Amino acid sequence: MAASTSSSSPCVGRAERQARRGALLDGLACMVWPAFVPRARASVEAGHGAPACVARALPGARLSGSAELRWWGLDIYRAWLWVGPHGLDTSRLGAQAFALELRYARSLRGRDIADKSAELIARLGLGSPAQRRAWHASMRAMFPDVHAGDTLVGLYRPQPQGGGRSRFVFDGRVVGDIEGQDFAQAFFSIWLSPRTSEPALRQALLAGVEQAR
C-alpha cells in the first residue's frame, strides 16, 4: 500500500529521495575528518587573520596554508594551519607551537567528532591502548556540538618544564586542555602526518612550511 502510494506520487518520491540523501549526508558528514573527504582545495585567504586565541598564544603567528573540504559538492569545513616564526617540523610534532583552525559548514555532534578522532588515531597506531582510551574519554567530554559557522581551534604549545598542552577553543571560549606531547602528536597527525589518509589536505596545510625550507 505504501509502496503503491509512493510510486504514484512523484512529489512523495522526491521527498523520500531527498530525505534519504540528507540522512546519508548527515551520517557521512559526522565523519568530519580528512579520511572521509575525497578532495581538499588549497587556498590562502587574503585578509583572514589569526583568531584571537592564536594571536595571544603564538606571537608572530603566520598562516602556513588552508584547505576547503567538500563532499558531493557540499562544504564540510575549512581548515587553516597557523605556525610560529620558526615554522613547524612535522617529524617532531610537539616540539613547536602551532594551531589548527576549523570553521564548520554544517552541524556535527561533538561525540561523533571525538569517536572519529579516536578511530583515526588508532589507525595511525599512535599511543598505547591505555592512552587512546584516556584520550577518547577526554575528547568525548570536551568536544562540543558544532553548527555551520562555528569555529574550533586546536592550539598546541610546548611547556617550559617539559611536555606540552593541547588547548581547544570553541568560538572564542576555552573548552578544555589535554596534557602531553603524545596526545598532540597523535591528534594532529590526523592532518599532518606523512601517513595521513588525505595527503592532498596535508600538502595544502603545510604549503607555507614547505616553501620556507
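Residues numbered from 1 in each chain as written. Predicted model: local features only at pLDDT ≥ 70, side-chain atom pairs only at ≥ 80, totals over all residues. Heavy atoms only, no water.

1. Some details on the overall build of the protein chain
Part 1 of the reasoning: Within the protein chain one finds eight helices and seven strands.
Part 2 of the reasoning: Per-residue burial over the protein chain gives 46% buried out of 213 residues.
Part 3 of the reasoning: By element, 52% of the accessible surface of the protein chain is carried by carbon and sulfur atoms, the whole surface being about 10500 Å². (Helix = DSSP H or I, 4+ residues; strand = E, 2+ residues; numbered from the N terminus. Buried < 20%, exposed > 50% of the residue type's maximum accessible area, 1.4 Å probe, protein only. Areas by Shrake-Rupley, 256 points an atom, 1.4 Å probe, with all protein chains shown as cover.)

2. Some remarks on the side chain of Lys116
Part 1 of the reasoning: Take Lys116: it is sitting in helix α4 (residues 110-124).
Part 2 of the reasoning: For Lys116, a relative accessible area of 10% puts it in the buried group.
Part 3 of the reasoning: In terms of polar contacts, Lys116 uses its side chain to reach the side chain of Glu119, at 2.8 Å. (Polar contact = N/O pair within 3.5 Å; in protein donor to acceptor, adjacent residues only side chain to side chain.)

3. Details of the pairing of strand β3 (residues 74-83)
Part 1 of the reasoning: Burial of β3 is extensive: eight of the 10 residues sit out of reach of the surface.
Part 2 of the reasoning: Relative to strand β4 (residues 98-104), β3 runs antiparallel, the two being bridged by seven bridges. Within the sheet, the bridge partner assigned to Trp82 lies in β4 and is Ala99. (Pairing = 2+ DSSP bridges.)

4. A closer look at the environment of Asp89
Part 1 of the reasoning: By secondary structure assignment, the location of Asp89 is in the loop between β3 and β4.
Part 2 of the reasoning: Once the C-alpha coordinates of Asp89 and Val209 are considered, the two residues, 120 residues apart in sequence, prove to be 8.4 Å apart.
Part 3 of the reasoning: Here the side chain of Asp89 touches Ser91 through a polar contact of 2.6 Å, side chain to side chain.

5. Description of the nonpolar core
Part 1 of the reasoning: Counting 44 residues, the largest nonpolar core has Phe187, Trp191 and Leu192 as its most contacted members.
Part 2 of the reasoning: If you look at the next biggest cluster of nonpolar residues, it comprises 11 residues, including Val54, Trp80, Ala97 and Leu155. (Core = buried A, V, L, I, M, F, W, Y, C linked by side-chain atoms within 4.5 Å.)

6. With respect to α4
Part 1 of the reasoning: With 15 residues, α4 should cover 21 Å at 1.5 Å per step; its first-to-last C-alpha distance of 21 Å lies within 8% of that length.
Part 2 of the reasoning: Turning to α4, its buried residues are Gly110, Asp112, Ile113, Ala114, Lys116, Ser117, Ala118, Leu120, Ile121 and Leu124.
Part 3 of the reasoning: The positive-phi residue at the C-terminal boundary of α4 is Gly125, with phi of around 75°. (Expected span 1.5 Å × (residues − 1).)

7. Section: the packing of aromatic side chains
Part 1 of the reasoning: According to the stated counting rule, one finds 11 aromatic pairs in the structure shown.
Part 2 of the reasoning: Pairing Phe143 with Phe168 gives two aromatic rings, centres 5.2 Å apart and planes at 70°, and the pair type is edge-to-face. One end of the pair, Phe143, is in the loop between α5 (129-142) and β5 (151-158); the other, Phe168, is in strand β6 (residues 164-170), with 25 residues separating them in the sequence. Comparing Phe143 with Phe168, the two get one shared label, buried.
Part 3 of the reasoning: Arranged with centres 5.3 Å apart and planes meeting at 65°, the rings of Phe187 and Trp191 form a pair that is edge-to-face. Of this pair, Phe187 and Trp191 both sit in helix α6 (residues 181-192), four residues apart, which is roughly one turn of that helix.
Part 4 of the reasoning: Exposure remark for Phe187: the relative accessible area of 3% places this residue in the buried category.
Part 5 of the reasoning: The exposure class of Trp191 is buried, given its relative accessible area of 1%.
Part 6 of the reasoning: Cluster of aromatic residues (ring-pair linked, three or more members): Phe98, Trp135, Phe143, Tyr156, Phe168, Phe183, Phe187, Phe188 and Trp191. (Phe/Tyr/Trp six-rings, centres within 6.5 Å; stacked < 30°, edge-to-face > 60°.)

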